[in-house]
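Below are the chains, spelled out letter by letter.
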Amino acid sequence: MSGELAKKLGALDEDAVLAGVQALKEQGVPGLDIIQELQEGMQAVGQKYEAKEYFLSELIMSAEIFNEAISALGDLSGTEQSHLGNFVLGTIYGDIHDIGKNIVSTVLKCNGFNVIDLGVDVPTEKFIEGIKEYKPKVIGFSCLLTTAFDNIKAAIEEIENAGLRNDLRILIGGGPVDQSVCDYVKADAVCRSAQEAVEVAQEFSV
Ligand code: B12
């Protein structure tokens, strides 16, 4: 894709973003590719925020435009089905970002997982309760704040101490999360997109 949509979102041009999504849909571009480009637009917003060109109000605005664009996309990939088992998902405590987590939840559901979404700012105890109750093969932590990496590390340690880690695979994702964070918090894999989350979760669920 041309990157035009990402630029429009980076510029917070709501009408142009919605028109762009509509045009790409009409051209038959897959929903997940459109999301990928919108995600790049959000990174541009983040860079402008870091450069003090944008402030909190612009972050909020970007989230609203993003959510509207996702609604305009409609159904992401056909009928929901559930045969790959349970997937417990949440944004780690200390962090309230949920746009990426919600997309991952939707796309996992559309690809055969029964997603138990614990929400945002989720304490370790809630993850532990979820693991005990739903016995998932895979769980996922979403995290957008570097200050919350240690919270994931601590949560994974507690899950291990509770004797729940043996047959459990742990995925992490969210803007700044990369392989070095994955190694640091001792997760099993990092996913940079919802599509990657589906591929890795399917691999870990067989
Ligand atoms: C929108 C936004 C907000 C919105 C969030 C709205 C919402 N409901 O989520 C609002 C305005 C509330 C917000 C608040 C804050 N934000 Co903010 N925010 C952003 C922004 C611009 C976009 C994030 C986003 O939605 N991206 C789009 C989604 C689709 O991408 P994604 O999350 O990466 O998700 C994809 C993948 O990563 C993956 N994925 C995501 N989660 C998971 C989980 C699993 C298990 C898997 C497998 C995969 C996966 O799949 C997703 C879909 O493809 C980012 C900039 C950036 N570069 O990310 C800053 C950013 C994350 N925010 C930042 C900051 C600082 C804050 C605040 C602290 C600001 C403040 N002063 O109050 C607060 C945080 C409060 C808190 N305690 O959490 C910083 C963090 C910097 C850092 N070093 O940690 C960033 C990076 C901006 C910046 N460059 O400075 N923010």
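Residues numbered from 1 in each chain as written. Predicted model: local features only at pLDDT ≥ 70, side-chain atom pairs only at ≥ 80, totals over all residues. Heavy atoms only, no water.

As recorded in an unreviewed UniProt entry, the protein chain goes by the name Putative cobalamin binding protein, listed as coming from Desulfitobacterium dehalogenans. Checking UniProt for the protein chain, the heading Sequence similarities (unreviewed entry) contains the comment "Belongs to the methylamine corrinoid protein family." (UniProt positions renumbered as here; feature names shortened; annotations may be inferred.)

A. Examining the UniProt feature "domain: B12-binding" (unreviewed entry) in the protein chain more closely. According to UniProt, the "domain: B12-binding" (unreviewed entry) feature falls on residues 84-206. Taken end to end, residues 84-206 comprises 45% helix and 22% strand; its first and last C-alpha atoms sit 8 Å apart. (Helix = DSSP H or I, 4+ residues; strand = E, 2+ residues; numbered from the N terminus.)

B. Spotlight on the site of the ligand. Near the ligand, the surroundings consist of 37 residues, among which Gln39, Glu50, His97, Asp98 and Ser142 are the closest. Contact between the ligand and Glu50: a nitrogen atom at 2.6 Å from a side-chain N or O atom of the residue. In this structure, Ile96 approaches the ligand through a main-chain N or O atom, which is 2.8 Å from an oxygen atom. Only α3 (31-50), α4 (56-73), α5 (99-110), β3 (138-142), β4 (169-173) and α9 (194-205) provide two or more residues apiece to the shell around the ligand. Taken together, the residues of the shell around the ligand sort by class into 19 nonpolar, 14 polar and four charged. Inspection of the shell around the ligand shows a minimum of three residues originating in each of domain 1 (4-73) and domain 2 (82-205). (Near = heavy atom within 4 Å. Polar contact = N/O pair within 3.5 Å; in protein donor to acceptor, adjacent residues only side chain to side chain. Nonpolar A, V, L, I, M, F, W, Y, C, P; charged D, E, K, R; others polar. Domains from an automatic or database assignment.)

C. Representation of a nonpolar patch on the surface. A surface patch of nonpolar side chains, about 300 Å² in accessible area, is lined by Tyr49, Leu56 and Ile60. If you trace the backbone, Ile60 turns up in helix α4. (Patch = residues over 30% accessible without salt bridge, like charges linked within 9 Å, V, L, I, M, F, W, Y side chains within 5 Å. Areas by Shrake-Rupley, 256 points an atom, 1.4 Å probe, with all protein chains shown as cover. Salt bridge = Lys/Arg side-chain N within 4 Å of Asp/Glu carboxyl O.)

D. A look at the coordination of the cobalt atom of the ligand. In this structure, the cobalt atom of the ligand receives exactly one donor atom from the protein: His97 (NE2), at 2.3 Å. Along the chain, His97 falls in the loop between β1 (82-91) and α5. (Donors = N, O, S within 2.8 Å, 3.2 Å for Na, K, Ca; no water.)

E. Seen up close, α9. For α9, spanning 12 residues, the distance from its first C-alpha to its last is 16 Å, which sits close to the expected 16 Å at 1.5 Å a residue. Among the residues of α9, those classed as buried are Ala194, Ala197, Val198, Val200, Ala201, Phe204 and Ser205. (Expected span 1.5 Å × (residues − 1). Buried < 20%, exposed > 50% of the residue type's maximum accessible area, 1.4 Å probe, protein only.)

F. Geometry of the pattern of salt bridges. Scanning the model with the defined rule gives four salt bridges in all. Linking Asp117 and Lys101 is a salt bridge whose minimum nitrogen-to-oxygen distance equals 2.8 Å. With Asp117 in strand β2 (residues 112-117) and Lys101 in helix α5, this pair connects stretches of sequence that are 16 residues apart. The exposure class of Asp117 is partly exposed, given its relative accessible area of 35%. Assessed through its relative accessible area of 3%, Lys101 is described here as buried. We note a salt bridge from Arg165 to Glu160, for which the minimum N-O separation is 3.3 Å. On the basis of relative accessibility, which here comes to 13%, the residue Arg165 falls in the buried class. Glu160 sits in the partly exposed class, given a relative accessible area of 39%. Three or more residues are tied together by salt bridges with common partners; here these are Glu160, Arg165 and Asp188.

G. Broad picture of α5. Helix length check: α5, at 12 residues, gives a terminal C-alpha distance of 17 Å against a target of 16 Å (1.5 Å per residue), a fit within 8%. Along α5, the positions that sit buried rather than exposed are Ile99, Lys101, Ile103, Val104, Ser105, Val107, Leu108 and Cys110. Directly beyond the C-terminal end of α5, a positive phi value near 105° is found at Gly112.

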